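# Overview (structure and organization)
These are the residues of each chain, in order.
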Amino acid sequence: MESGTGVMPAPMIDANVTSVAGQVPSAPVRWTLTAVAVGFLAVTLVLPLVVVFINALAQGWQTAIAAWKHPDALAAIRLTALTLAIVVPLNTTFGLAAAWAISKFRFAGKSLLVTLIDLPFSVSPVISGMVFVLLFGAQGLLGPWLSEHGIRIIFAVPGIVLATTFVTLPFVARELIPLMQAQGQEEEEAAVSLGAGGWQVFLRVTLPNIKWGLAYGTILCGARTLGEFGAVSVVSGHIRGETNTMPLHVEILYNEYQFAAAFSVASLLVAIALITIIGKSIVEWRMQGSLRDSAGIVRQQHPAPNGGLGDED
Amino acid sequence: MKGDRSIASETKMGFCRRRNRRVLPGFRLTLGFTLLYLSLLVLIPLSTLVLWMGRLGWEELWSTFTAPRTLAAYRLSLLGALIAAGTNAVFGLLVAWVLVRYRFPGRRLLDTLVDLPFALPTAVAGIALTAIYAPTGVIGRLFASVGIQTAYSPLGVVLAMVFVSLPFVIRITQPVLQDIDREVEEAAATLGATRLQTFTRVILPAIIPAVLTGFAMAFARAVGEYGSIVFISGNMPGRTEIVPLLIMTRLEEFNYAGATSVALVLLLLSFVMLLLINLLQAWIRRGAPV
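Cut-offs applied
- Residues numbered from 1 in each chain as written.
- Chains lettered and ligands numbered in written order.
- Predicted model: local features only at pLDDT ≥ 70, side-chain atom pairs only at ≥ 80, totals over all residues.
- Helix = DSSP H or I, 4+ residues; strand = E, 2+ residues; numbered from the N terminus.
- Buried ≥ 20, exposed ≤ 12 C-beta atoms within 10 Å, placed from the backbone.
- Contact = placed C-beta atoms within 7 Å.
- Rg over C-alpha atoms; globule rule 2.2 N^0.38 Å.
- Axes fitted to C-alpha atoms, helices over the stretch in contact; angles between N-to-C directions.
- Parallel < 35°, antiparallel > 145°, perpendicular 65-115°, else oblique.
- Left-handed = near helix turned anticlockwise from the far one by under 90°.
- Nonpolar A, V, L, I, M, F, W, Y, C, P; charged D, E, K, R; others polar.
- Domains from an automatic or database assignment.
- Core = buried A, V, L, I, M, F, W, Y, C linked by C-beta atoms within 7 Å.
- pLDDT = per-residue confidence, 0-100.

### Quick word on the overall build of chain A
In terms of helices and strands, chain A carries 15 helices and 0 strands. Taking all 313 residues of chain A together, 41% fall into the buried category. The contacts in chain A between residues at least 6 apart in sequence include a share of 78% that link residues at least 24 apart.

### What about the overall build of chain B?
Within chain B, the regular secondary structure consists of 15 helices and 0 strands. On C-alpha atoms alone, chain B measures out to a radius of gyration of 25 Å, which is more than a quarter above the 19 Å that the 2.2 N^0.38 rule sets for 290 residues. By residue count, 44% of the 290 residues in chain B fall in the buried class. Considering only residue pairs separated by 6 or more positions, chain B has 78% of its internal contacts joining residues 24 or more positions apart.

### Some remarks on the packing of helix 7 (residues 125-136) of chain A against helix 9 (residues 157-168) of chain A
All names here are of chain A. In contact at an axis separation of 9 Å, helix 7 and helix 9 are set at 135 degrees when each is read in the N-to-C sense. With respect to their mutual orientation, helix 7 and helix 9 come out oblique. When you trace helix 7 past helix 9, the crossing you get is right-handed. Facing helix 7, whose interface residues are Pro 125, Ser 128, Gly 129, Phe 132 and Phe 136, helix 9 presents Gly 159, Leu 162, Ala 163, Phe 166 and Val 167. Looking at side-chain class alone, the contact of helix 7 with helix 9 contains 7 nonpolar, 3 polar and no charged residues.

### Some remarks on the interface of chain B and chain A
Facing 76 residues of chain B, the contacting portion of chain A comprises 81 residues. Take the side of chain B that touches chain A: its biggest share by element is 15 residues, from helix 2 (residues 27-56) of chain B. Taken together, the residues of the side of chain B that touches chain A sort by class into 55 nonpolar, 12 polar and 9 charged.

### Regarding the environment of B:Ile207
Residues and elements named next belong to chain B. Structurally, the position occupied by Ile 207 is in helix 12 (residues 195-224). With 28 residues separating them in the primary sequence, Ile 207 and Asn 235 have C-alpha atoms 38 Å apart. Contacts of Ile 207, omitting those with residues within four sequence positions, involve Thr 173, Val 176 and Leu 177.

### A word on unusual backbone geometry
It is generally the case that most residues other than glycine have a negative phi and that most peptide bonds are trans. Positive phi is not limited to glycine here, since A:Tyr257 has a value of about 65 degrees. Given 8 C-beta atoms within a 10 Å radius, A:Tyr257 is considered exposed. One non-glycine residue, B:Tyr152, adopts positive backbone phi at about 60 degrees. The topology assignment puts B:Tyr152 in the loop between helix 8 (138-145) and helix 9 (154-164). For B:Tyr152, a count of 21 C-beta atoms within 10 Å corresponds to the buried category.

### Focus: the environment of B:Gly156
Residues and elements named next belong to chain B. Relative to the helices and strands, Gly 156 resides in helix 9. Taking the number of C-beta atoms within 10 Å as the measure of exposure, Gly 156 has 24 and is therefore buried. If near-sequence neighbours (up to four positions away) are discounted, Gly 156 is found in contact with Tyr 133, Thr 150, Ala 151, Ile 232 and Ser 233.

### A few points about the domain arrangement of chain B
Per the domain assignment, the segments of chain B are domain 1 (1-50) and domain 2 (57-287). Each of domain 1 of chain B and domain 2 of chain B was reduced to a C-alpha centroid, and the two centroids are 39 Å apart.

### Brief notes about the packing of helix 10 (residues 170-183) of chain A against helix 12 (residues 198-227) of chain A
Residues and elements named next belong to chain A. The interhelical angle for the contact between helix 10 and helix 12, taken along N-to-C directions, is 165 degrees, at an axis separation of 7 Å. Classed by the angle they form, the pair helix 10 and helix 12 counts as roughly antiparallel. In the packing of helix 10 onto helix 12, the handedness of the crossing is right-handed. For the pair helix 10 and helix 12, the contacting residues are Phe 171, Val 172, Glu 175, Leu 176, Leu 179, Met 180 and Gln 183 in the first and Asn 209, Ile 210, Gly 213, Leu 214, Tyr 216, Gly 217, Thr 218, Leu 220, Cys 221 and Arg 224 in the second. Classifying every residue of the contact of helix 10 with helix 12 by side-chain character gives 10 nonpolar, 5 polar and 2 charged.

### Details of the nonpolar core
Generally speaking, a soluble globular protein has its nonpolar side chains buried in company with each other. If you look at the biggest cluster of nonpolar residues, it comprises 159 residues, and the most contacted ones within it are A:Met130, A:Ala266, B:Val124, B:Ile127 and B:Ile247. Looking at this core, the element that brings in the most residues is helix 5 (residues 71-104) of chain A, giving 13 residues. Composition of this core by domain shows at least three residues from each of domain 1 (1-50) and domain 2 (57-287) of chain B. Dropping the residues within four chain positions of it, A:Met130 is found in contact with A:Val234, B:Ile247, B:Leu251, B:Ala259 and B:Ala263.

### Observations regarding the environment of A:Leu146
Residue and element names in this part refer to chain A. Within the secondary structure, Leu 146 sits in helix 8 (residues 143-148). Classification of Leu 146 by C-beta neighbours within 10 Å gives partly exposed; the count is 18. Taking the C-alpha atoms as reference points, Leu 146 and Ile 102, separated by 44 residues in sequence, lie 36 Å from one another. With residues up to four places along the chain from it excluded, the contact list for Leu 146 reads Phe 136, Ile 151 and Ile 153.

### Quick look at the confidence of the model for chain A
Residues and elements named next belong to chain A. Residues with a pLDDT of 70 or more make up 84% of chain A, whose mean pLDDT is 84. Predicted confidence in chain A is weakest over helix 1 (residues 2-7), with a mean pLDDT of 38, and strongest over helix 9, with 96. Across residues 1-23, confidence stays below pLDDT 50; counting only partners more than four residues off in sequence or on other chains, it has 13 contacts. For residues 296-313, every residue scores under 50 in pLDDT, and the model assigns this stretch 15 contacts once sequence neighbours within four places are set aside.

Set out below in structure tokens:
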């Protein structure tokens, strides 16, 4: 009896809280929504991954590994690595320079510049490759001059690097610009007033503050560089062992009905993609942590991150 | 005395002004490099397209653009991208809601997986989706048994578009959902609103800008997508041929004039989408509680 009365109030309070809050949804609704969401993601995202690995191993491990070791595959891996080694440092440098200019200074036309940096994202990859063909191709504007001097850009490695740089140009910049705008320039100014030089300020003050954003942007840039298909497909000419990147090699194998080999090379790319998104998540959690640390200060000093339209000038 | 005052007034007046002027070094260097890099890699190459257009003249542009094959490709690309973006708006909102509001085992893993379409090379996505939706594939077989063709049909094009543009709505809606003040919902509930009313009257207005931005981004991505679609669509002119593929075909024929006329409208469309997305994002910022 006593224990009974003692227990009674608890569920009542509980019921009260739920009905007042009203936002703890009934179990059926919650479970249905969760099931639909999980089901949708399972079919659209998980199933393709599973299918790649199953098809890669359809003819056994030997076939799968032989596809990796094929000279054309190795050449494709080398070319992809080379492209990565050129494009990512270039676009990272660009991202840092653009973010520094945009976040630390005021100048006319800034928002136009930010929009222009985003431009490659909204252009179809095929058009991104095509503009370089129109410029450097055999019938392109500079084509005759280039062929006179024996320079090959289209259907050669420079074209692949150019097209990939175009497509992946915004990644680092668009991660860094909002981050550095939110952080403001007080710390850098303090360093300058204490006598630090430009590079010292950048390396000792700015870089530690933006390292996670920088890592995040670089990872995204690298992933896209590795997997870019449309733009590269236009400029590459598909010369085996010379101008085939990994995704193009997958396409060729697939079109030749070498399905197991195609999926085997594809599984390498899937593995890299999985590592990428895991790395991205880790960086994201770190970044949220470090943002939370400085959130109070940032909010106080910069009520509107994009404020300051006309100002004194 | 006089000196003191002028120093005082200078620190008072000048501090705010000068803070935003060129105290920090590197303005000319970084802005110069940014503009040079952007011009060489993006602006000059893109303006080549406009130059080519000038060479062609309106008549030729118009006749290529209104050719039945071009129109059919545009119809498929635009309609397909609209359907795909719409699908992702609905499911993306649902997934974002579940990921933000509910706790269940595997939630973090799913959250991480959402980025997969951004990280997976589109060619890999293309062959994987084809393997799934081909008449012999896991899901394609089911559809084939009721007489619906998935791969090598317009439906296949839409499926590939859904895959590549999936993360946008989810990733843009998630932070906005997280920021919604629970107290507002609780207030709505105390005032007698049902859960559905709270959702449509309180939550939906707050997240509509985010969902629309995601929709626009998904649409822009889907319209230009090439890599994943060429595998699953079957590439039949007039039926399953998308605009980027038609451009590619013209380029492979070394018909640069034809490629330019087809590409021009797609390029204009991407400028319009870029502008629209910028406006929508400004709307989100204005609506966001700071």
